[in-house]
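Coordinates in review
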Amino acid sequence: MRAVVVGAGIGGLAATLSLRRAGHEVTLVEQAARFTEIGAGIQLAPNATRLLRRLGLLDAVAAQAARPSHVSFRTWSDGAEICRYALGRAAEDAFGAPYLLLHRADLHQALAAAVPPASVRLNSVVVGIDQDDESASVTTANGDRLRADLVVAADGIRSAARQWLFGADEAVFSGTAAYRALLPADEVADLDLPDLGIWLGPGRHFVHYWVRRGELLNVVAVVTAEARTEVGTGAKAEAETAAAESWTARAEPGEQLREFDGWDSRVLDVLERAGQVFRYGIHTRVPLARWNIGRVTLLGDSAHAMVPFQAQGAAQAIMDAAVLGDVLTGATPAEVPDALDRYVRRRLATATTMQANSARAGDDFHLPDGPEAQARNARMSAYADEHVFLPQATGWAVDVLEDRRS
């Protein structure tokens, strides 16, 4: 069977590998002229690393990763620890796979290296997806038409395929924006930072963890923000604010320090020592009732982009890819539409729930000082006294390739 995957991000690469593992011929179409991944850190919980092991990639990925011993939640003003949860060896023993911290580029490179170059069409902009009862096709800007039995649209949060399938639909600004930076480990060695720290404050939270085998500190500083607009020459245009959806927009010098004024000195030290700081608005997608029509389906962010406050965006895309390969193992071209229905039934509810849980986590992180924050801290502390792992760890034990009840 022939498949075309549109988009060579983490989800698209994982889908390509999963479909190849299922025995199908796959063409991966990517608009960029070469494989590249921007961004910074990424967390992979055991529900994702378990699937990387099945793809034969876990060792390569883990070799570039850091393995945190724990996660520590702290208060914004003085850094007092609210609670901590075990990760490291304890999580690996409990869930059968490790919790890894990586640079996105390292994960992307490991996935890309496993895809045969002959299966990839770079510098190819997709301008249309069509289908009939017998096949589907992808048309590129240079006029090429790629026919297949299946098309997987993994074209990210700005997915054109989503609009072709389901009509006008834009990414939604979440009301939050993030400053991100990478610092060499020796520049923060004196600060005695936890392996994975999450500092909670009014309207803000601050996350840091090691990546690239502990050589770099990844920093993500999240703030509430407004999607302001300004009037240009006769037209309304989005201002260059923290709400802009861009991985490459640079923060103004000292901007991140002003946003976190009054926070614990260790937070301010990290932000002050950061070199180039990038700023991006965090966007999501409204949940869909279905991801597929006929022989075409969405996957990853194109289907369920979410805020990153439970560190599950990439994991959910990898899980999509695994289930897609599973339902299409042994499938004939005529069986593709029914197989895609099964894929969506097995994945949509879980991914949609994770979208909602991630949004709620952000609200909880940003509570104002006073009774609400005190109650949250007490609740978190009490839970940690009773449980070894984070509340969301219940989902880490689910093996999507064994859970076929849908």
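Figured I'd write up the structure that's included with this text. (Residues numbered from 1 in each chain as written. Predicted model: local features only at pLDDT ≥ 70, side-chain atom pairs only at ≥ 80, totals over all residues. Heavy atoms only, no water.)

This part is about the layout of surface pockets. Taken as a whole, the second largest pocket holds about 280 Å³ of empty space. Looking at the lining of the second largest pocket, the elements that each hand over two or more residues are β12 (172-184) and α11 (336-365). Split into classes, the residues belonging to the lining of the second largest pocket amount to eight nonpolar, eight polar and two charged. (1 Å grid on protein atoms, 1.4 Å probe; cavity = no way out; pocket = protein on both sides within 12 Å on 5 of 7 lines; lining within 4 Å. Points joined across faces, edges and corners; volume = space filled by probe spheres on them. Helix = DSSP H or I, 4+ residues; strand = E, 2+ residues; numbered from the N terminus. Nonpolar A, V, L, I, M, F, W, Y, C, P; charged D, E, K, R; others polar.)

This part is about the environment of G9. Mapped onto the elements of the fold, G9 is located in the loop between β1 (2-6) and α1 (10-21). For G9, a relative accessible area of 26% puts it in the partly exposed group. For the pair formed by G9 and P117, sequence separation is 108 residues and the distance between their alpha carbons is 15 Å. (Buried < 20%, exposed > 50% of the residue type's maximum accessible area, 1.4 Å probe, protein only.)

This brings us to helix α12 (residues 371-386). Each α-helix winds once per 3.6 residues, and so residues spaced three or four apart point in a common direction. Between its first and last C-alpha, α12 extends 23 Å over 16 residues, near the 22 Å set by a 1.5 Å rise per residue. Buried within α12 we find A373, R376, N377, M380 and A384. The arc that holds the buried residues of α12, viewed along the axis, is 95°, so those residues lie on one side. More than 90 degrees from the buried face of α12, the exposed residues found are P371, Q374, D385 and E386. Contacts from the buried residues of α12 go to β4 (70-75), β5 (81-86), β13 (196-201) and α11. (Expected span 1.5 Å × (residues − 1). Arc of directions from axis to C-beta. Contact = heavy atoms within 4.5 Å.)

What follows is about the pairing of strand β6 (residues 100-103). Both faces of β6 are covered, namely the face carrying L100 and L102 and the face carrying L101 and H103. Inspection of the sheet shows strand β3 (residues 41-44) paired to β6 by four bridges, in the antiparallel sense. Considered in β6, the bridge of G41 is made with H103. (Pairing = 2+ DSSP bridges.)

This part covers the sheet that holds strand β15 (residues 216-224). Spatial ordering of the open sheet is given by β5-β4-β13-β14-β15-β12-β18, a layout of seven strands whose pairing is mixed. This sheet does not close on itself; its edge strands, each paired only once, are β5 and β18 (278-284). Averaged over all pairs of adjacent strands, the angle between strand axes in this sheet comes to 20°, irrespective of strand direction. As paired strands, β4 and β13 are joined by five bridges and run parallel to one another. Residue pairing in the sheet places T75 in a bridge with L200 of β13. On the sheet, α11 packs against β4, β13 and β14 (204-211) and is oriented at approximately 65° with respect to β13. (Axes fitted to C-alpha atoms, helices over the stretch in contact; angles between N-to-C directions.)

Reading across the sheet, the three strands line up as β8-β9-β10 and stay open at both edges, with antiparallel pairing between neighbours. In this open sheet, the two strands that pair with only one neighbour each are β8 (126-131) and β10 (145-148). When strand polarity is set aside, the average angle formed by the axes of neighbouring strands in this sheet is 20°. Two strands pair when backbone bridges link them, and β8 and strand β9 (residues 136-140) are joined in this way by five bridges, in the antiparallel orientation. Residue pairing across strands places Q131 opposite A136, the latter belonging to β9.

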